[in-house]
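Understanding the architecture of this molecule
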Amino acid sequence: MSENGQNGTSTIEIEGRTLAFEAGETVLEVAQRNGIEIPTLCHDPRLDPAGACRTCLVEIDGWRRLAPACATKANAGMKIASENARIDRHRRSLLALYMTDHPSDRETSERGAPDQLLDMVEQYDAPSDWGWLETLRSDRPDDANPYIHFNPDTCIVCARCTRYCDEVEGVSAITLAGRGSQTTISTVDRLGLLDTTCEMCGGCIDVCPTGAMGEKTPLMRGDKPERELTKVRSTCNFCGVGCQLDLNVDPDGNDGKGRVVKVTSPPTGTTTNDGNLCVKGRFAYDFINHEERLTTPLIRNAAGEFEAASWDEALRVAAQGLMGVRDRHGADALAFVSSSRCTMEENYLVQKLSRAVFRTNNVHQCAAT
Amino acid sequence: MTNSIGEIRDADFLFVIGSNTSEAHPIIAMEMKRAVRDGATMVVADPRAIWMTTIADKHLQIAPGSDVWLLNAMAHVIIEEGLVDETFIAEQTENFDAVRESVAKYTPEEAEKITGVPADDIRWTARKYATTKKAGIYYTLGITEHSHGTDNVYALANLVLMTGHLGKPSAGMNPLRGQNNVQGANDAGASPIFYPGYQRVDDPAAQAKYEAAWGVELSPEPGMNLNEMMKVVGKQLFGLFVMGEDIVLSEPNCMELEKALNKNEFLVLQDAFLNETARFANVVFPAGVFAEKEGVFTNSERRVQRVRKAVEPPGLARADWEILVDLANACGADWTYASAAEVYDELARHAPNFVGISHERIDTQVVDGPTGLQWPCPTPDHPGTKFLHEAGVLRGKGLFQPVEYRPSMELPDEDYGLLLSTGRTLYHYNCATQTRREPGLATKQPEAFVEIHPRDAKKRGVRDGDLVELSTRRGSVHARAIVSRQVRPGCIWTPLHFAEARANVLTNDAGDPVTGTAEYKVCAAEVKVVEATTDGATRFPGSYYGVGGPGPDGAQPVDAGARAE
Ligand code: SF4
Ligand code: SF4
Ligand code: FES
């Protein structure tokens, strides 16, 4: 790689700092690596640069126009400004334009996910009095898919969602449709997502910077918006990839026991799953609050029916039952089946129970592959 | 896995065999898609035209159960064309000559007859694999869920060893594990032959170590593996403790198991839901789900990662580890663990590969950046191990194991003319006790189905969408027919997930002689159209409706009559 980049020794200058870069790196990547802040909306490290939103504009010596940092390759000797009056003026006008058809109060725009456009408007103090237009972007109101909701009002047509669907998930279920101010996110023939190649990975929700692609269920349930939830980092309980995920918890939910409102992926680049999740890891959590969850120990009574019992009683009956089998038939007449769904600690305890308490090696996990 | 998931994207050649990656491991599939987008070559060997074949350079549509033929023929080509890594073989391996001899007769031309894969494709794949530096093999249950699963794995390992594709980034041999903590459960000693960290129960030194640690005498007799256990329930086994699993639903040939369970004397079940196995339970403990407890899972790249408690369990339910402590104490033990972290520490204390990892270290040292730590991790300042076998093959030299093709235990015949395989789909997860409770996922794939090739469908008068009876020597279920060229002629495929049409009523419980893993992938079956009734696809013969009414699994009987309209 480094051959083309003159052995990696080439440098550019950003805000007066001389910075080395590797061939192929963009100005944005060099800046981010060195802690220089450049705002972005349509950029995602997993995707090819699109240069669509223009919030990352920088000034390069000798270039007539401002250039999008995310889509401009670093070139030896470039001198770059990331903050100056010209950039600021441009950026504020741009944000003001975005705001002409974007709700400015967080209550409307942030029903689901945080809206980074509003953050940026605040941060750069962009004017929000340039008039108000009703958005011309259409939605697909009869899309019956269970998970993904598209709100055209807050979409800024940055195409992160469609590019993700195309480049990362590889299924191209959603696409930009229409032209000019009518450009919107749609599907082939405006089909519901269930009838497309969509795999319900929810990546489009995750990458959307404004929350226009949102998670349906929390919206319909009227759950608290993401900003008010507590994130608990954990490991997915479905497959062996072990994706890291954030359980978004409403601590007041379920009478103070806490409720998992939704699951989001950690930022790209920080974990093995690189910000990605699959349909199960992102959405399949109704089981946590399911009404059929067992809430009490059960003992089968003389009539063959289950009866609710206290822990003390259930533990006593279970212990007697297992010890009884051991006394009648020997320890090797017992077997302990543990679970690859449970933690390492729990598997450790099951084998210790089997070996140290009952003295048999008849212990195995289900799905022993 | 010998490599890390993050290395997949840098691979130049991916050989994916027996793995429906985009459905079973979508996140790994994303990494593979990325590699392909960046120019990597991908070959997919699978009996079905799975999604991954749409982006693969080649699809080897192999006859189910003939993997050894394909792999040995690839080895044949690599040896014949002098593409082996002589230095690696000489320095790091043993027994190569035995393999050289044994694969001599596995010519690509002969292989074509049995596998159905053109000889030229076998040669092309073998050459490409041998001559690409960053060449990785990825496989899952499609390889191991056979009565000759171990042979398949040896045959793959032979390819890896003879080309020296080991101990390097993006090369190596990568089993993609099905469930989240299969690796961790094995590591923790949930195995009839190993204490934690793969220390054998029949090794006197290991036995002495654990006797000292636990303060009790221990049995040096290896126990039964799951497949063996399930065969002797009610004969040699009379008491079962089952944690977090639905053995009735997951076991091959579950009708036999149900009969046997009626002769079992005592069964304790610990789970978050009443599952099918509950019908045979004497006591049921309500357990917390992963969001309700602390602990670690170990993923398929040996990365130990944290599970953290986010919410309280409902009602009286408690975390599995807490229940286990109480159960042990009710049985006379004196366990005093105050936290899952303490349990982990005890585990690690006697298992050198894990000593360097602790809850505290994961929590404090690796917050951002790839989380968790990969074992082996022998000291608290060890960075963890990215790929195994870096400094020479683990435990001395890599051993070549010649393998011979053995046909699957049960192949199509006059009465059962089709070859049935089972598998997973993206939208459901194993027994689906969790995902079937998700209304969204149920919408996408509401009922059991069986894929059948147009030619076989025509012969049997089956049209797309017909309700069919799918039967084997062991039982039959109802399912919706999907006429599809995804499957090879002569083969049918059905998913595992549906409680109403348990595919395991059908499958063969003949196990692999080494691992005991059952043959889920291949058995003989037949399909015939049945009248759509309101019972429809939700019914199967068996005690599911017999004992305790329409099961607890929450699945509302699907109105098949209405659906057929
Ligand atoms: S959920 Fe995934 S597959 Fe479906 S539209 Fe969004 S990105 Fe594409
Ligand atoms: S929905 Fe979101 S990600 Fe997609 S174009 Fe609109 S703003 Fe961008
Ligand atoms: S982030 Fe550069 S143009 Fe959008």
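Residues numbered from 1 in each chain as written. Chains lettered and ligands numbered in written order. Predicted model: local features only at pLDDT ≥ 70, side-chain atom pairs only at ≥ 80, totals over all residues. Heavy atoms only, no water.

Turning our attention to the overall build of chain B. Per the secondary structure count, chain B includes 20 helices and 23 strands. The buried share of chain B, taken over its 565 residues, is 65%. Sequence separation of 24 or more characterises 70% of the internal contacts of chain B that already satisfy a separation of 6 or more. A total accessible area of about 19,400 Å² is found for chain B, and carbon and sulfur atoms account for 50% of it. (Helix = DSSP H or I, 4+ residues; strand = E, 2+ residues; numbered from the N terminus. Buried < 20%, exposed > 50% of the residue type's maximum accessible area, 1.4 Å probe, protein only. Contact = heavy atoms within 4.5 Å. Areas by Shrake-Rupley, 256 points an atom, 1.4 Å probe, with all protein chains shown as cover.)

The subject of this paragraph is the site of ligand 2. Around ligand 2, 14 residues are found, and the nearest of them are C155, C158, A159, C161 and C208 of chain A. Here the residues of the shell around ligand 2 are counted per class, giving 12 nonpolar, 1 polar and 1 charged. (Near = heavy atom within 4 Å. Nonpolar A, V, L, I, M, F, W, Y, C, P; charged D, E, K, R; others polar.)

As far as domains go, chain A holds domain 1 (6–83), domain 2 (131–221), domain 3 (229–289) and domain 4 (330–369). Placing a centre on the C-alpha atoms of domain 2 of chain A and another on those of domain 4 of chain A gives a separation of 47 Å. (Domains from an automatic or database assignment.)

At the junction of the two partners, chain A supplies 110 residues and chain B supplies 152 residues. Between chain A and chain B lies a buried interface of about 11,200 Å² when both sides are counted; carbon and sulfur atoms form 63% of it. Connecting chain A to chain B are 8 salt bridges. One salt bridge connects R37 of chain B with D48 of chain A, and the closest N-O pair in it is separated by 3.8 Å. Our enumeration of links across chain A and chain B arrives at 52 residue pairs in polar contact (both at pLDDT 80 or more). Per-element tally for the side of chain A that touches chain B: the top contributor is helix 10 (residues 344–357) of chain A, with 13 residues. For the side of chain A that touches chain B, the class distribution of residues is 58 nonpolar, 30 polar and 22 charged. For strand 13 (residues 298–300) of chain A and strand 11 (residues 283–286) of chain B, the ladder comprises 2 bridges, and the chain directions are antiparallel. By the bridge assignment for strand 11 of chain B, I299 of chain A is matched with V283 of chain B. (Buried area = accessible area lost by both parts, 1.4 Å probe. Salt bridge = Lys/Arg side-chain N within 4 Å of Asp/Glu carboxyl O. Polar contact = N/O pair within 3.5 Å; in protein donor to acceptor, adjacent residues only side chain to side chain. Pairing = 2+ DSSP bridges.)

Turning our eyes to something else, we now look at the packing of helix 3 (residues 67–80) of chain B against helix 6 (residues 108–115) of chain B. Describing two packed helices takes the angle between their axes plus the distance from one axis to the other. All names here are of chain B. It is at 9 Å that the axes of helix 3 and helix 6 come closest, and there the two elements cross at 165 degrees. Taken together, the axes of helix 3 and helix 6 are roughly antiparallel relative to one another. At the point where helix 3 passes helix 6, the crossing takes the left-handed sense. Counted together, W69, L70, A73, H76 and V77 of helix 3 and P108, E110, A111, I114 and T115 of helix 6 form the full contact between these two elements. Residue composition of the contact of helix 3 with helix 6, by class: 7 nonpolar, 2 polar and 1 charged. (Axes fitted to C-alpha atoms, helices over the stretch in contact; angles between N-to-C directions. Parallel < 35°, antiparallel > 145°, perpendicular 65-115°, else oblique. Left-handed = near helix turned anticlockwise from the far one by under 90°.)

Right, let's talk about helix 7 (residues 119–131) of chain B for a bit. Between its terminal C-alpha atoms helix 7 of chain B stretches 18 Å, which fits the 18 Å expected from 13 residues at 1.5 Å a residue. Within helix 7 of chain B the residues assigned to the buried category are A119, D121, I122, R123, T125, A126, Y129 and A130 of chain B. (Expected span 1.5 Å × (residues − 1).)

In the structure shown here, the tally under the stated rule is 18 aromatic pairs over all chains. When the ring of F13 of chain B is compared with that of Y129 of chain B, the centres are 6.1 Å apart and the planes differ by 55 degrees; the resulting orientation is tilted. Residue F13 of chain B is located in strand 1 (residues 13–17), and its partner Y129 of chain B is located in helix 7; the two are separated by 116 residues in the primary sequence. Taking the relative accessible area as the measure of exposure, F13 of chain B reaches 0% and is therefore buried. Classification of Y129 of chain B by relative accessible area gives buried; the value is 0%. Ring geometry for Y195 of chain B against Y210 of chain B: centres 4.6 Å apart, planes inclined by 20 degrees, an arrangement best described as stacked. Taken together, the residues span a long stretch of sequence, with Y195 of chain B in strand 7 (residues 194–195) and Y210 of chain B in helix 11 (residues 204–214) at a distance of 15 residues. Ring pairs connect the aromatic residues F238, Y285 and F287 of chain A together with F290 of chain B, which therefore count as one cluster. One residue, R300 of chain A, lies across the ring of F306 of chain A, its end atom 4.2 Å from the ring centre. Here K58 of chain B stacks its cationic end above the ring of W124 of chain B, 4.7 Å away from the centre of that ring. (Phe/Tyr/Trp six-rings, centres within 6.5 Å; stacked < 30°, edge-to-face > 60°. Lys NZ or Arg CZ within 6 Å of the ring centre and 35° of its normal.)

All names here are of chain A. Strand order in this open sheet of 3 strands is 10-11-12, and the pairing throughout is antiparallel. Single-partner strands in this sheet number two, and they are strand 10 (230–235) and strand 12 (259–264). Pairwise comparison of adjacent strand axes, ignoring direction, gives a mean angle of 35 degrees for this sheet. In this structure, strand 11 (residues 244–250) lies alongside strand 12, joined through 5 bridges in antiparallel fashion. The residue of strand 12 that forms the bridge with D246 is T264.

The next subject is the site of ligand 1. As a structural note, the neighbourhood of ligand 1 is formed by I148, Y164, C165, E169, V171, I174, C198, E199, M200, C201, G202 and C204 of chain A. Its residues assigned to classes, the shell around ligand 1 comprises 9 nonpolar, 1 polar and 2 charged.

Let's shift gears to the pairing of strand 12 (residues 295–298) of chain B. Residue and element names in this part refer to chain B. Side chains of strand 12 alternate between two faces, with G295 and F297 and V296 and T298 buried alike. Relative to strand 13 (residues 303–307), strand 12 is paired through 4 bridges, and the arrangement is antiparallel. From the neighbouring strand, G295 faces strand 13, where its bridge partner is V307. Hairpin remark: strand 12 followed by strand 13, antiparallel, with 4 residues in the connecting loop; positive phi at R302, about 65 degrees.

Moving on: the pairing of strand 7 (residues 174–177) of chain A. Residues and elements named next belong to chain A. Bridging between strand 7 and strand 8 (residues 184–187) involves 4 bridges; their strand directions are antiparallel. When the sheet's bridge partners are listed, T175 is paired in strand 8 with S186. With antiparallel pairing between neighbouring strands as the criterion, strand 7 and strand 8 make up a hairpin whose turn holds 6 residues, including G178 at a positive phi of roughly 80 degrees.

With that settled, the discussion passes to the sheet that holds strand 9 (residues 239–243) of chain B. Ordered by their spatial adjacency, 7 strands build an open sheet running 14(A)-13(A)-11(B)-10(B)-9(B)-15(A)-16(A), and the pairing between neighbours is mixed. With partners counted over all chains shown, the strands left at the sheet margins are strand 14 (306–308) and strand 16 (363–365) of chain A, one partner each. Adjacent strand axes in the sheet meet at a mean angle of 15 degrees, parallel and antiparallel pairs treated alike. By the bridge criterion, 3 bridges tie strand 13 of chain A to strand 14 of chain A in an arrangement that is antiparallel. Paired with L298 of chain A across the two strands is A308 of chain A, which belongs to strand 14 of chain A. Its contacts with the sheet put helix 15 (residues 320–330) of chain B on strand 9, strand 10 (266–271) and strand 11 of chain B, and the angle it makes with strand 9 of chain B is roughly 155 degrees.

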